[in-house]
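Chains, contacts and geometry: an overview
These are the residues of each chain, in order.
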Amino acid sequence: EWEINLRILNVRTGQALSSVTMKTRLFKQMELRDSGPWIEDFESAGADPSWILRADTLSAKKSKRASYSVHLDSNQGAEGSNQSLRIDFDFSGDKDSFAIASNYKKRDLTLYNGVEFFVKGTAELNGQFYILTSHPDDPNRIDQWTAMMIVDTTWKKIRIPFDKMFISRWWIKKGAQKKGAVPGDQVMRLNRVEGIQFGVVSNKNDAVSGSIWIDKIRLYSGGS
């Protein structure tokens, strides 16, 4: 809570023209956002609850719809670590699908210039990194900012500057609607980050099935 005391003065006479005294919260509880450093190594026994983990799901018509899972892998880790986040995908029978690992912690990233992390895959893949930002007047107005990356079969460090990310036409035309949202105004509000995602999509890859691993996520500022 903040205690606020304000006075409006006539600078010539020193006379107080008006005053306000109040005690209030600076933010509503739902508007509080994490602005601290994000250091994600996936070394603990369980993933942070803000990660969406999921088992394989298939449609009623087997082999007619893509499936994917997101879980911790205790057998793979970058730079000699023991654990990482793993995304398994099977795009068989579906040419327009995706496999996404999502973290939905509300964040304020205005203190940072970008994100870096380690990634590897079972084959050379075209991967994607996303940031979801909302409009201050309507949290359902969402922009999905995108960055592309090449995933190799060995661990590789990726660095993505926020100011190099873009919004795809797919998100504006139908992607937002599929997520139950409406497109925003294409302004990157890093103080209103609603989610961060990693993944692969079927129409940008030749591989029908495989896995990618994510590890050692860090936010960076300046040149560091």
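Look a little higher up for the structure.
Before going into details, it helps to say that this report is about the structure given with it. (Residues numbered from 1 in each chain as written. Predicted model: local features only at pLDDT ≥ 70, side-chain atom pairs only at ≥ 80, totals over all residues. Heavy atoms only, no water.)

Taken as a whole and assessed by the stated rule, the structure comprises ten salt bridges. For K157, the salt bridge is made with E116, and the minimal N-O distance between the two is 3.5 Å. Of the two residues, K157 is situated in strand 10 (residues 156-161) and E116 in strand 7 (residues 114-121); the sequence distance between them amounts to 41 residues. Of the residues examined, E116 reaches a relative accessible area of 12% and is grouped as buried. Among the salt bridges present, the one from E116 reaches R159, with a minimum N-O distance of 2.9 Å. (Salt bridge = Lys/Arg side-chain N within 4 Å of Asp/Glu carboxyl O. Helix = DSSP H or I, 4+ residues; strand = E, 2+ residues; numbered from the N terminus. Buried < 20%, exposed > 50% of the residue type's maximum accessible area, 1.4 Å probe, protein only.)

Here G121 lies in strand 7. Between the C-alpha atom of G121 and that of D48, which follows or precedes it by 73 residues, the distance is 23 Å. Apart from residues no more than four positions distant in its own chain, G121 is found in contact with V151, D152, T153, S211, I212 and W213. (Contact = heavy atoms within 4.5 Å.)

Moving on to the packing of aromatic side chains. Scanning the model with the defined rule gives nine aromatic pairs in all. Where W170 meets W171, the ring centres are 6.4 Å apart and the plane angle is 50°; that geometry is what we call tilted. You can call W170 partly exposed: its relative accessible area is 35%. An aromatic cluster is defined as three or more aromatic residues linked by ring pairs; in this entry it consists of W38, F42, W51, F117, F129 and F198. Its end group placed over the ring of W213, K120 keeps NZ or CZ at 5.3 Å from the ring centre. A cation over a ring is seen here: R159 above Y220, with NZ or CZ 3.8 Å from the ring centre. (Phe/Tyr/Trp six-rings, centres within 6.5 Å; stacked < 30°, edge-to-face > 60°. Lys NZ or Arg CZ within 6 Å of the ring centre and 35° of its normal.)

Here we come to the layout of surface pockets. The calculated volume of the second largest pocket comes to roughly 180 Å³. Counting only elements with at least two residues in the lining of the second largest pocket, the list comes to strand 9 (138-151) and strand 13 (193-201). Per element, the largest residue contribution to the lining of the second largest pocket is four residues, and it comes from strand 9. Each residue belonging to the lining of the second largest pocket can be placed in one class, and the counts come to six nonpolar, four polar and two charged. (1 Å grid on protein atoms, 1.4 Å probe; cavity = no way out; pocket = protein on both sides within 12 Å on 5 of 7 lines; lining within 4 Å. Points joined across faces, edges and corners; volume = space filled by probe spheres on them. Nonpolar A, V, L, I, M, F, W, Y, C, P; charged D, E, K, R; others polar.)

Time to look at a nonpolar patch on the surface. A contiguous nonpolar surface patch, about 260 Å² in accessible area, is contributed by L6, V20 and M22. Looking at the secondary structure, you find M22 in strand 2 (residues 16-24). On the basis of relative accessible area, M22 is assigned to the partly exposed category, the value being 39%. (Patch = residues over 30% accessible without salt bridge, like charges linked within 9 Å, V, L, I, M, F, W, Y side chains within 5 Å. Areas by Shrake-Rupley, 256 points an atom, 1.4 Å probe, with all protein chains shown as cover.)

Okay, the pairing of strand 6 (residues 98-103) next. Here strand 6 lies mainly inside the structure; five of its six residues are buried. One ladder, built from six bridges, connects strand 6 with strand 13; its direction is antiparallel. Residue pairing for strand 13: I100 is matched across the bridge by G199. (Pairing = 2+ DSSP bridges.)

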